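# Report on the structure
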Amino acid sequence: MKIIIFLLLPVLGLAGCGGKESTEQATQDESQKMLMMDEVTTIDELPSFLKEGLSEEEQDALRKQIMPTLDDGLTPEERFQKLRRDAEAGDPDAQNALGAMFYSGEAVSRDAAGNIMDYDPVSAAGWFFRAAEKGHAEAQFNLGLLYLQGDGVEKDAEAALKWFTNSAEQGNADAQNNLGVIYLTGEGVEQDTDEAIKWFEKSAEQGNEEAKENLEAIRSGQN
């Protein structure tokens, strides 16, 4: 029985990424880290590891997900600075978008030694955390993925369960699918096939293809 978990950026289907700091620490240390970083943005081009296996249409959709205001007349640098200001002012949409940029490599960071990082999951986790605490469903989903993968934060199945649940209860179809996977596999929670099916069905009702395939896999395994 093949079960599919959807990851955002490698991408969470997300597809993804490495540091070992906790999200709380990432949030507390954010201002200090930013003093050491030189941030720029690329000119409308996705990193190669994100483009792998995606059609042109899917790449375009991912660009819009990462940076949804490409037609606003601003240069990439101006757009990034505006997004950063909005995020620092507490806008959860901007915080989530900024986290996605750091995660994908759209916002380029340098480490303390001045080396360019392919992507920055620690900073991504910090921004996702800020938005997730405000109830932002997509940020909660993204943060859940980082905890599930141990990417930018310590791997923590219980934390992943918490954030996926918060997001799923707000109707996020991808979080619902991943929550179904967690209950089906018993990752950080008591295994519960009925609960898994419940969340797969909620996700599938919204058109999530992974959830549909997961339901088919369960039903074929029960026959």
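Higher on the page you've got the structure.
All of the points below concern the structure found in this document. (Residues numbered from 1 in each chain as written. Predicted model: local features only at pLDDT ≥ 70, side-chain atom pairs only at ≥ 80, totals over all residues. Heavy atoms only, no water.)

## Thoughts on the packing of helix α6 (residues 92-104) against helix α7 (residues 121-133)
Close contact between α6 and α7 brings their axes to 8 Å; oriented N to C, the two are set at 165°. As summarised for this structure, α6 and α7 are arranged roughly antiparallel, according to the angle between their axes. Two packed elements cross with a definite hand, and for α6 against α7 that hand is left-handed. On α7, the residues touching P92, Q95, N96, L98, G99, A100, F102 and Y103 of α6 are P121, S123, A124, W127, F128, R130 and A131. Taken together, the residues of the contact of α6 with α7 break down into 10 nonpolar, four polar and one charged. (Axes fitted to C-alpha atoms, helices over the stretch in contact; angles between N-to-C directions. Helix = DSSP H or I, 4+ residues; strand = E, 2+ residues; numbered from the N terminus. Parallel < 35°, antiparallel > 145°, perpendicular 65-115°, else oblique. Left-handed = near helix turned anticlockwise from the far one by under 90°. Contact = heavy atoms within 4.5 Å. Nonpolar A, V, L, I, M, F, W, Y, C, P; charged D, E, K, R; others polar.)

## Some points on the environment of K212
With respect to the helices and strands, K212 occurs in helix α12 (residues 209-222). As for K212 and F200, which are separated by 12 residues in sequence, their C-alpha atoms are 7.1 Å apart.

## As for the packing of aromatic side chains
Scanning the entire structure with this criterion turns up three aromatic pairs. Seen from their ring centres, F80 and F102 are 6.4 Å apart, and the 80° between their planes marks the pair as edge-to-face. Placement of the pair is F80 in helix α5 (residues 76-88) and F102 in helix α6, with a sequence separation of 22 residues. Take F80 and F102: they sit in the same class, and that class is buried. (Phe/Tyr/Trp six-rings, centres within 6.5 Å; stacked < 30°, edge-to-face > 60°. Buried < 20%, exposed > 50% of the residue type's maximum accessible area, 1.4 Å probe, protein only.)

## Describing the pattern of salt bridges
Charged atoms that come close allow side chains of opposite charge to pair. According to the stated counting rule, one finds five salt bridges in the structure shown. Note that E201 and R219 form a salt bridge whose closest N and O atoms lie 3.4 Å from each other. Taken together, the residues span a long stretch of sequence, with E201 in helix α11 (residues 193-205) and R219 in helix α12 at a distance of 18 residues. A residue is classified by how much of its surface remains accessible, and E201, at 33% relative accessible area, is partly exposed. K212 is paired through a salt bridge with E209; the nearest N and O atoms lie 3.4 Å apart. Here K212 pairs with E209, and both are found in helix α12, just three residues apart, close to one helical turn. Its relative accessible area of 44% is what places E209 among the partly exposed residues. (Salt bridge = Lys/Arg side-chain N within 4 Å of Asp/Glu carboxyl O.)

## A short note on the environment of A159
Along the chain, A159 turns up in helix α9 (residues 157-169). By relative accessible area, A159 is classed as buried at 13%. C-alpha of A159 to C-alpha of L148: the two residues are 11 residues apart in sequence and 7.9 Å apart in space.

## Brief notes about the packing of α9 against helix α10 (residues 173-185)
The axes of two packed helices give the description: the angle between them and the distance between them. Between α9 and α10, whose axes approach to 8 Å, the crossing angle comes to 135°. By the angle between their axes, α9 is oblique relative to α10. Crossing handedness for the pair α9 and α10: left-handed. Facing α9, whose interface residues are L161, F164, T165, S167 and A168, α10 presents A175, Q176, N178, L179, I182 and Y183. Residue classes in the contact of α9 with α10 are distributed as seven nonpolar, four polar and no charged.

## What about the side chain of Q95?
Secondary-structure assignment places Q95 in helix α6. At a separation of 3.5 Å, a polar atom in the side chain of Q95 contacts the side chain of K134. With sequence-adjacent residues up to four places away left out, Q95 is seen in contact with A87, G90, W127, R130, A131 and K134. (Polar contact = N/O pair within 3.5 Å; in protein donor to acceptor, adjacent residues only side chain to side chain.)

## So, α12
With 14 residues, α12 should cover 20 Å at 1.5 Å per step; its first-to-last C-alpha distance of 20 Å lies within 8% of that length. All buried positions along α12 are accounted for by A211, N214, L215, A217 and I218. Considered in projection along α12, the buried side chains sweep an arc of 160° and stay on one side of the axis. Check the buried side of α12 and you find it contacts α10 and α11. (Expected span 1.5 Å × (residues − 1). Arc of directions from axis to C-beta.)

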